[in-house]
Each structure stands twice: as structure tokens, then as C-alpha cells.
Amino acid sequence: MTDSPTTLHIDATRDEATRTTLLRLSGEIDVSAAAAFEPLHRQPPADPQVVMDFAAVARINSMGLVSRHTSIDG
């Protein structure tokens, strides 16, 4: 079985004045989207506020997605 390339793209911008990271998502979210989210798991945004913009996401298919939970307390 071969891995299909992700069709999800994440563009991150930062507003220093409000200390907010904006993540603009585009494409499709399905099981292959995990690869696009992986950098956020390795190094999450340092800002206290993160906004995820799903306006350009064409499709979300939750079947097969794996939920990862992290604790703020460590």
C-alpha cells in the first residue's frame, strides 16, 4: 500500500501586536492530512493564541483521522 500525497496545505502567519498565529488551511482534510499537521506537533506555535482558518478547505473527511491530544501542563 502506498501513501497518497496530502492535499492539505497550511500557511502560517504571525501578528506580533496581538501575539496570534493564524493558520490558513486549504485543500482537503482526510487521513493523508496528518503529514501536513506533523510540523505543528513537533514545534507548536509559541503564541498564546492560534486561529485556524478553514475557509479554503474544500472537504473534511474524518474517517481514518487519528486524534492526538497534548496537555498544556506537560
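Residues numbered from 1 in each chain as written. Predicted model: local features only at pLDDT ≥ 70, side-chain atom pairs only at ≥ 80, totals over all residues. Heavy atoms only, no water.

The next point concerns the nonpolar core. Counting eight residues, the largest nonpolar core consists of L8, L23, L25, I29, A33, A36, F37 and V57. Of all the secondary structure elements, the ones that give two or more residues to this core are β2 (20-29) and α1 (34-42). Looking at this core, the element that brings in the most residues is β2, giving three residues. (Core = buried A, V, L, I, M, F, W, Y, C linked by side-chain atoms within 4.5 Å. Buried < 20%, exposed > 50% of the residue type's maximum accessible area, 1.4 Å probe, protein only. Helix = DSSP H or I, 4+ residues; strand = E, 2+ residues; numbered from the N terminus.)

Here we come to the sheet that holds strand β1 (residues 8-15). Taken together, three strands build an open sheet; the order of strands is β1-β2-β3 and the sheet is mixed. Edge positions in the sheet fall to β1 and β3 (49-60), since each has one partner strand and no second. Pairwise comparison of adjacent strand axes, ignoring direction, gives a mean angle of 15 degrees for this sheet. (Pairing = 2+ DSSP bridges. Axes fitted to C-alpha atoms, helices over the stretch in contact; angles between N-to-C directions.)

Another point: the side chain of D30. Within the secondary structure layout, D30 lies in the loop between β2 and α1. Although buried, D30 forms no salt bridge, and the nearest oppositely charged side chain, R59, lies 4.2 Å from it. (Lys, Arg positive; Asp, Glu negative; His and termini not counted. Salt bridge = Lys/Arg side-chain N within 4 Å of Asp/Glu carboxyl O.)

Let us now look at the pairing of β1. Where a strand is regular, its side chains alternate between the two sheet faces. As paired strands, β1 and β2 are joined by eight bridges and run antiparallel to one another. Bridged to H9 within β2 is S26. Taking the residues that link successive antiparallel strands as the turn, the β1-β2 hairpin has four residues, and the phi of R19 there is positive, at about 55 degrees.

Note: β2 against β3, nine bridges, orientation parallel. Each bridged residue has a counterpart across the sheet, and for T21 the counterpart in β3 is V50. Taking the sense of rotation as the criterion, the β-α-β connection linking β2, α1 and β3 turns out right-handed. (Right-handed = clockwise from strand over helix to strand, strands pointing away.)

Our focus in this paragraph is unusual backbone geometry. A negative phi holds for most residues other than glycine; trans holds for most peptide bonds. Even without glycine at this site, R19 takes up a positive phi of about 55 degrees. Within the secondary structure, R19 sits in the loop between β1 and β2. On the accessibility criterion, R19 (49% relative accessible area) is partly exposed.

With the rule as written, the count across this model stands at two salt bridges. Close ionic contact of D47 with R14 constitutes a salt bridge, the shortest N to O distance being 2.7 Å. Residue D47 is found in the loop between α1 and β3, and its partner R14 is found in strand β1; the two are separated by 33 residues along the sequence. Looking at D47, the relative accessible area reads 8%, which means it is buried. The partner of E28 in a salt bridge is R59, and the shortest N-O contact between them spans 3.4 Å. Pair noted here: E28 is in strand β2 and R59 is in strand β3, with a separation of 31 residues, a long-range link.

So yeah, pure geometry; function would need other evidence.
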